[in-house]
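Tertiary structure, described
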Number of protein chains: 2
Amino acid sequence: MDRRPGQRAGLTRERVLAAAHELLGAGGVDGLTMRALARRLEVAPNALYSHVPGKTALLDAVIDEVLAQVEVPAMDVADPVTGLHALMCSTYDVLLGHPDLVPLYLARNGARGANARHLGDVMLALLDRAGLREARAREALSVLIVYTIGFAAFTTGPPIDVPDPEPRAEQMRENFDSGLRWLLAGITAPSMRA
Amino acid sequence: MDRRPGQRAGLTRERVLAAAHELLGAGGVDGLTMRALARRLEVAPNALYSHVPGKTALLDAVIDEVLAQVEVPAMDVADPVTGLHALMCSTYDVLLGHPDLVPLYLARNGARGANARHLGDVMLALLDRAGLREARAREALSVLIVYTIGFAAFTTGPPIDVPDPEPRAEQMRENFDSGLRWLLAGITAPSMRA
DNA sequence: ACCTGAACACCGTTCAAGT
DNA sequence: ACCTGAACACCGTTCAAGT
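What counts and what doesn't
Note that residues are indexed from 1 along each chain, following the sequence as it is written. Chain letters start at A and ligand numbers start at 1, both assigned in the order the entries are written. Restriction of local features to residues with pLDDT of at least 70 applies here, the model being predicted, together with a cutoff of 80 or more for giving and counting side-chain atom pairs; totals for whole chains, interfaces and linings are based on all residues. Think of the side-chain values as coming from all heavy atoms in the structure, minus any hydrogens and water. Confidence scores labelled pLDDT are given residue by residue by the predictor and lie between 0 and 100. We count a stretch as a helix when DSSP gives it H or I for four or more residues in a row; a strand needs E for two or more, and each element gets its number in order from the N terminus. Simply put, an axis is a line fit to the C-alpha atoms, just over the touching stretch for a helix, and the angle between two N-to-C directions goes from 0 to 180 degrees. Handedness of a helix crossing follows the sense of rotation of the near helix relative to the far helix, less than a right angle counterclockwise being left-handed and clockwise being right-handed. What makes two residues a contact is simply this: any of their non-hydrogen atoms within 4.5 Å. Ten residue types, Ala, Val, Leu, Ile, Met, Phe, Trp, Tyr, Cys and Pro, are classed as nonpolar, four, Asp, Glu, Lys and Arg, as charged, and the remainder, Gly among them, as polar. By convention in these notes, a residue is near a molecule or strand provided one of its non-hydrogen atoms lies within 4 Å of it. Under this definition, polar contacts are N or O atom pairs within 3.5 Å; protein pairs additionally need one hydrogen-donor-capable and one acceptor-capable atom, and for neighbouring residues in sequence, both atoms have to be side-chain atoms. The term nonpolar core refers to a set of buried residues drawn from Ala, Val, Leu, Ile, Met, Phe, Trp, Tyr and Cys, joined through side-chain atoms within 4.5 Å. Throughout this description, buried means an accessible area under 20% of the type-specific maximum (1.4 Å probe, protein chains only), exposed means over 50%, and partly exposed covers the range between. Residue count minus one, scaled by 1.5 Å, sets the expected span of a helix. Two axes enter the bend calculation: one fitted to the seven residues ending at the residue in question, the other to the seven starting there, and the bend is the angle between them. Our angle categories are set so that under 35 degrees counts as roughly parallel, over 145 as roughly antiparallel, 65 to 115 as roughly perpendicular, and the remainder as oblique.

1. A look at the confidence of the model for chain A
Mean pLDDT over chain A: 87, with 89% of residues reaching 70 or higher. Ranking the elements of chain A by mean pLDDT puts helix α5 (residues 101-107) of chain A last with 75 and helix α2 (residues 34-40) of chain A first with 98.

2. Regarding the packing of helix α4 (residues 80-96) of chain B against helix α7 (residues 134-156) of chain B
All names here are of chain B. Across the interface, α4 lies against α7 with an axial gap of 9 Å and an inter-helix angle of 30 degrees. As α4 runs across α7, the sense of the crossing is right-handed. In contact with Leu84, Met88, Thr91, Tyr92, Leu95 and Leu96 of α4, α7 contributes Leu144, Ile145, Thr148, Ile149, Phe151, Ala152, Thr155 and Thr156. Counted by class, the contact of α4 with α7 contains 10 nonpolar, 4 polar and no charged residues.

3. Side note on the protein's contact with DNA strand C
DNA strand C sits among 24 residues. The nearest are Arg3, Asn46 and His51 of chain A together with Arg35 and Tyr49 of chain B. Contact between DNA strand C and Arg3 of chain A: a phosphate oxygen at 2.8 Å from a side-chain N or O atom of the residue. Asn46 of chain B places a polar side-chain atom, nitrogen or oxygen, 3.2 Å from a base oxygen of DNA strand C. For the surface near DNA strand C, the element with the most residues is helix α2 (residues 34-40) of chain B, which contributes 3 residues. Looking at side-chain class alone, the surface near DNA strand C contains 9 nonpolar, 9 polar and 6 charged residues.

4. Considering the nonpolar core
Formed by 126 residues in total, the largest nonpolar core has its most connected members in Leu37, Leu58 and Leu144 of chain A together with Leu37, Leu58 and Leu144 of chain B. The residues contacting Leu37 of chain B, other than those within four sequence positions of it, are Val16, Ala19, Ala20, Leu23, Leu48 and Leu58 of chain B.

5. So, helix α1 (residues 13-31) of chain A
Residues and elements named next belong to chain A. With 19 residues, α1 extends only 19 Å from end C-alpha to end C-alpha; this falls clearly short of the ideal 27 Å at 1.5 Å per step. Maximum bend of α1: about 90 degrees, positioned at Gly25. All of the buried residues along α1 are Val16, Leu17, Ala19, Ala20, Leu23, Leu24, Gly28 and Val29.

6. Here we look at the packing of helix α6 (residues 114-129) of chain B against α7 of chain B
Residues and elements named next belong to chain B. Two elements in contact, α6 and α7, have axes separated by 10 Å at closest approach and are oriented at 125 degrees. Our classification of the angle between α6 and α7 gives oblique. Considering only the axes of α6 and α7, their crossing is right-handed. Residues Gly120, Met123, Leu124 and Leu127 of α6 form the contact with α7, whose participating residues are Ala137, Arg138, Ala140, Leu141, Leu144 and Ile145. Class assignment for the residues of the contact of α6 with α7 results in 8 nonpolar, 1 polar and 1 charged.

Below, the structure is given as structure tokens:
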């Protein structure tokens, strides 16, 4: 802040988001504060408000940025259930890469950004190809999203009450996979395709 | 705080927790701060630290208090799967009564208090009676807990990206129920009982 | 439009006292 | 043991300036 009022700092929305992302990786979600972000960018705290509406909007943007890493399966190949399985697994893995973000993600009830919407659309298309009508597809959509993010949240936290602390990550991933297969089996059961 | 140093205010851990619970019901989790709690109890902020180790511990205690409202099915009647279904539904309903608590619950990865442990034990017993071996039972336990809390978190938040805002609560509850049945079906499938 | 300075109204927590 | 006073090191956000 060795700048007089009126001097530019060369801030951009992109630079702000990038710094936020770094801060998140370093100190978790607790370390991501407006003031810490300003410090890192060598800028007065209120300077951020020229590029971001507020902290809530900033967090939303960061979440959506992370969601861009999810691998979307090709729509034209394989069967839709396999595609759904792959998509949810990729989402799970991406979320595990940002543990502190997950509770936040869940708290604001899923990202509302462009990437999140796109993932939702892909899922709906796959469910449609799996033979589900629109209402049933939305039902299944909610269940799958909730299950995946919820599981990621639990995986990234401290152990629940299981007395074996060792192979947590792999164990949890297996559990996630088991439950996911059960859900997909239920979703695509004959009674659902009616 | 019209009290000199050394005068007692008649604070108790119970009174503190009760006030915290009220504050939570009134203003949500954002309204539940140490200082607001002290204000409500007409006490200096630091007086709370004589009855509670800190904010984290206070939140844990509040969460476990809420969990006491969950209806535990009788262990000796009905079939275990029905019992599990009822238990998860009751948990879901109780969590819906405290929307702002849910993300917190999820963030600290489930309550670690006495009530939470008891619920876990009941679930394990039911899973055992359903024919699952210990390892499989733990697997199923994680899946069911995650699913229930995760769904509660999503239900209590703003709508996800569905364009129909009306019958949210009932719709979500139906979705929860559908997914829960799928999971229970998967959990108790013949391949799991081996 | 973009940035600074200063301020407002908060936080959680600690430390040294008082009885 | 229980409580106050005062302080520390923070928050997010706003408002009035400066160029």
